[in-house]
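Descriptive structure summary
Residue strings, one per chain:
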Amino acid sequence: MEIGGSFYERKYYSTCYMCACRCGIEVYVRNNKVTYIKGNDDHPLNKGVLCAKGSSGIMKEYSPARLRKPLLRTGPRGSGQFKEIEWDEAIEIAAKWIDEARKKNPAKVAFFTGRDQMQAINGWFAQQIGTINWAAHGGFCSVNVAAAGLLSTGYSFWEFGDPDFENTKYFMMIGVAEDHASNPFKLGIQEMKRRGGKLVFVNPVRWSYGAVADEWVPVKPGTDGAFVMGLMHVLFKYNLIDWTFLKEQTNASWLVIQAPGTSKDGLFYRNEDGKPMVYDKKSKSFQPADRIVPDDLDPAFIGEFETPEGFKVRPAFDIFAERLVKDYSPEKVAEITGIPAEDIERIAKEMGVIALYDPLELPVEWTDVWGRKHKSMKGRPVSFHIMRGVASHTNGFQTSRAVFLLKMLLGCVDAPGGHLAKPPYPKHIEDLPKPVKIRSLKDLKYGEPLKGPHLGLPHNPDDLLVDEEGNPLRIDKAYSWEFPVTAHGCIQNVIPAAYQRDPYDIEVLMIYMANMAWNSSQNIPYIIEALTAKDAAGNYVIPKVITIDAFYSEQVAFSDLVLPDATYLEQWFALSLLDRPPSVAFGPVDALRQPIVDPKREGLDVMPWGDVMVKLGTKLKLPGFVNEDGTPKYKDFKDFLINWQPRPGVGALAGWRGKNGDKHFVGEPNPKQLEMYTKNKGFFYYRLPEHMRYYRHINKDYLEWAKSVGFVKKTEPIMMNFYVENLQTFRLAGQGLWEGENQPPNDPVIRERLVKYFDPLPFWYPPFEEEVSGDEYPLYAFTARPQWMYHSWDSQNAWLRQISTRNFLYMNPKTAEKYGIKHLDWVWVESRVGRVKCQVFLTEATEPNSVWTWNAIGKMQGAWGLKPEAEEGHEGFLLNHVIPHSIKIGSRELFYGDPVTGHLAWFDTKVKVYRAEDQSPETYPEFRVEPLPYIKERWVDVLRYKP
């Protein structure tokens, strides 16, 4: 689409930041004002398509909620009483607070970030401070999906992988919200359906993608795992399984030792060289698993065998098959999920028949890692996508694991028509980082950077961050015995843990782009109590809170020092391959944002966080920010993006490296790199040649190339873990049989969790809240993201507010009739931790056991630049008020999360709903904060935009 020349003076290419999709955009400017934003037609991710959020970026830029200068609190926290200060003073105060804290111990500084999209750089900054306490938003978004995928197939969903929409014939979405991958998925679903493909939507609610689905499967919340296990039962029953795939690319045939009560129980049977073994039916002997393809072995998948050493062993598949047959018949699963048994059987047959009997074949020659040359690429055209609806349960990790096994049974992993990895994935487990190992907080030294990454995947109990007594070393209890495989950390635990001083107290809490005082935490009255609590001496229990944000959010109102960020249209920014990049299935992509308008011309004295980080790091003389003589290493963040190298030859951006810009992925810094990106419309895309686009776990040419650019460290096949042996090491620890260094505390609750939930094969168990809340709270309550907003970022956006300024509690009419509730009644929603008053909207698009609402529409009155009478603060409500932040298990009170990864179980919440006696249109509880004076001055009767 051509934009009229009179409408703009300049055009820029950048990357959207109105959600996490990171679409390419064109931004049109006249008189230093943004006049139009459209999709970048050449960008490989969104191909010119832009959603309501992206198009309304203009009104984010000109939001009345914009902060204009640094703020220092003058009144009580939450009062909204601040004074404006200059940047020099703000940097001085922040540096002083951080330095005083890290002199006591670097762990006294906790730096946690939300959906910031430059987590690799922020993590590196935290390393330079020396603190162990850094993490991003993953703990409440998708950490168990990510961890399950990385442990199973070397990649996962969302940033890690995509369906092959061009070729898939059957696409199933489970627990997906439309705010994620919105534009690419709209394009893909359109493409698939035009070719006659089928979309199956598994969700308690039929909305967003469900509106165009060919079939809606209204699953009861928290039972998705049972549904998937039921599908696999049917596939096994009718032999709708890709046995060649399981044999060559997974460890399903590897032999597992059956020796209960010993330290070898549940581990793979290995030979003297440490190689896992299979039982070869041809030679009737035990053979190394890595010889299956070269020696054309015929490994057993079913049976029990005795080794020369006297061990009883079974193939991993055999153990799983017994579980499927015994516990997950369609009839049993129907009782759990509410999905009729005949539908479970039909759906499984549909996908199995398409995968096995309606495959596709691409005329592309390729060579596998064993040297076999293939004349074509054969695919299984069934694909999946899962997200937060699966993740946000206490059984989320094992449910996610079940989905990855379902993909393996069908052979649709990185195959044509299946679910594809997005480079730099897939990876060997050995390629993935482990969290840095320390044994005591005394290992952290003032002035020394942390000697390794904060986040990663522990391989066994010895990788945990616990002291000699087994106590957590991180403030959020990530990588502890409570939450061992916490790949992204547990941001949601930070404020409660700091308030409880468990495992210790902190001095400075830094929050960047995370609204932890409102929609990114649970049990909000408790969180506000934690942020405002004082000790006996009258000092805040959490002494210093520094928030970096561009808008007057609830988190800003409960802060001591506020550093006003620039918007995404006002700063340099890298969407890096070191992070969670905007790649596509057929090649790696990274991108940048660039300054397009000058906030100073709008009277805003704000500074991009990247520039603040460089100034702060230099002021503190952090090792990565100063040269040996103490002089600054970087003059600003633009300089940082060009010259920063976390390892030689590798920087924030992969394109046009080398002094002349003639190298990609690895090369010296290029002083003109950012200019080359802008000339290429703001992104770098390496499109893989056809013969390297599929089977990348075993594709010889791809693996050799991936090693050459640093994506993998070796070219051996990336074997998929049907059976995750790593989990069994934690199980052994729970039984007192782990022979390593770290041992769990003698706590029956912790040990039982390890034994029960760290099963190397997936299984389904009821969400924890079932037992705690019982029949008194019969309904599941959860939130969903509206397509037109993302988190709480956009609830102040005038254009998007026209779509919704308040939210409802959605309920099935039959459920409402049961409880005497009518359409548009005001009701109480009550959980075991509190209650909230809201208005009901009846719809048959909600399954009967559920109630739900949009997230983050309800706001704290006075925040986000909204007027006091705004509907968001009076009729809109926040369900988070009734979501528990902890759960009592036995004698222990634990933070509420998946026991494997710590992922917050947002959607386990159980409630009772009853009609309110007072039908006045007003929510409860209501919280208020005083708006900043200059925000009040911006209020008008009608907010219009005039470029």
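Our subject is the structure listed above.
Residues numbered from 1 in each chain as written. Predicted model: local features only at pLDDT ≥ 70, side-chain atom pairs only at ≥ 80, totals over all residues. Heavy atoms only, no water.

1. Points about the packing of helix 3 (residues 87-104) against helix 17 (residues 609-619)
Pairs of packed helices are described in terms of their axes, by the angle between the two and the distance that separates them. Here helix 3 crosses helix 17 at 55°, and the two axes come no closer than 10 Å. One finds that helix 3 runs oblique with respect to helix 17. Relative to helix 17, helix 3 is oriented so that their crossing is right-handed. Mapping the contact onto sequence places W87, I91, E92, A94, A95 and I98 in helix 3 and V612, K615, L616 and K619 in helix 17. Tallied by class, the residues present in the contact of helix 3 with helix 17 amount to seven nonpolar, no polar and three charged. (Axes fitted to C-alpha atoms, helices over the stretch in contact; angles between N-to-C directions. Helix = DSSP H or I, 4+ residues; strand = E, 2+ residues; numbered from the N terminus. Parallel < 35°, antiparallel > 145°, perpendicular 65-115°, else oblique. Left-handed = near helix turned anticlockwise from the far one by under 90°. Contact = heavy atoms within 4.5 Å. Nonpolar A, V, L, I, M, F, W, Y, C, P; charged D, E, K, R; others polar.)

2. Some points on the packing of helix 5 (residues 143-153) against helix 13 (residues 396-410)
For the pair helix 5 and helix 13, interaxial distance at closest approach is 8 Å and the crossing angle is 40°. One element, helix 5, and the other, helix 13, form an angle in the oblique class. The two elements helix 5 and helix 13 meet at a crossing, and its hand is right-handed. Here N144, V145, A147, A148, G149, L151, S152 and T153 of helix 5 lie close against helix 13, whose contacting residues are G396, F397, S400, R401, F404 and M408. For the contact of helix 5 with helix 13, a count of residues per class yields seven nonpolar, six polar and one charged.

3. Brief notes about the sheet that holds strand 3 (residues 33-39)
Judged by pairing direction, the sheet is antiparallel, and its three strands sit side by side in the order 1-2-3 without closing on themselves. If you trace the sheet from one side to the other, it starts and ends with strand 1 (10-15) and strand 3, each paired once. With strand direction ignored, the average angle separating the axes of adjacent strands in the sheet is 30°. Bridging between strand 1 and strand 2 (residues 24-30) involves six bridges; their strand directions are antiparallel. Within the sheet, the bridge partner assigned to Y13 lies in strand 2 and is E26. (Pairing = 2+ DSSP bridges.)

4. A closer look at the layout of surface pockets
Space inside the largest pocket adds up to approximately 1300 Å³. What lines the largest pocket is a set of 42 residues, among which A120, Y425, P433, L578 and D579 lie closest to the centre. Residue classes in the lining of the largest pocket are distributed as 25 nonpolar, ten polar and seven charged. Approximately 920 Å³ is the volume found for the second largest pocket. Grouping the amino acids of the lining of the second largest pocket by side-chain chemistry returns 18 nonpolar, eleven polar and eleven charged. (1 Å grid on protein atoms, 1.4 Å probe; cavity = no way out; pocket = protein on both sides within 12 Å on 5 of 7 lines; lining within 4 Å. Points joined across faces, edges and corners; volume = space filled by probe spheres on them.)

5. Points about the nonpolar core
Grouped together as the largest cluster of nonpolar side chains are 196 residues, with contacts concentrated most on L561, W609, L616 and F640. Beyond its immediate stretch of four places on either side in the chain, W609 contacts F111, M118, N122, F125, M510, Y512, I548, D565, Q571 and L616. Formed by 101 residues, the second largest nonpolar core is a distinct cluster that contains W254, A289, L324 and Y328. (Core = buried A, V, L, I, M, F, W, Y, C linked by side-chain atoms within 4.5 Å. Buried < 20%, exposed > 50% of the residue type's maximum accessible area, 1.4 Å probe, protein only.)

6. Remarks on unusual backbone geometry
With an omega of 20°, the peptide bond between P423 and P424 qualifies as cis. Turning to its location among the elements, P424 is positioned in the loop between strand 22 (419-421) and helix 14 (494-500). Here the amide bond leading from Y924 into P925 is cis, since omega sits at -5°, within 30 degrees of zero. Position of P925 relative to the elements: it lies in the loop between strand 36 (910-915) and helix 27 (933-938). Even without being a glycine, M513 presents a positive backbone phi close to 55°. Relative to the assigned elements, M513 resides in the loop between strand 23 (508-512) and helix 15 (524-532). Overall, the relative accessible area of 17% leaves M513 in the buried class.

7. As for the environment of R892
Along the chain, the position of R892 falls in strand 35 (residues 892-895). Residue classification places R892 among the partly exposed positions, given a relative accessible area of 22%. Separated by 143 residues in the primary sequence, R892 and V749 place their C-alpha atoms 7.1 Å from one another. In this structure, R892 is in contact with E482, D747, V749, I750 and I887, ignoring residues within four places of it in sequence.

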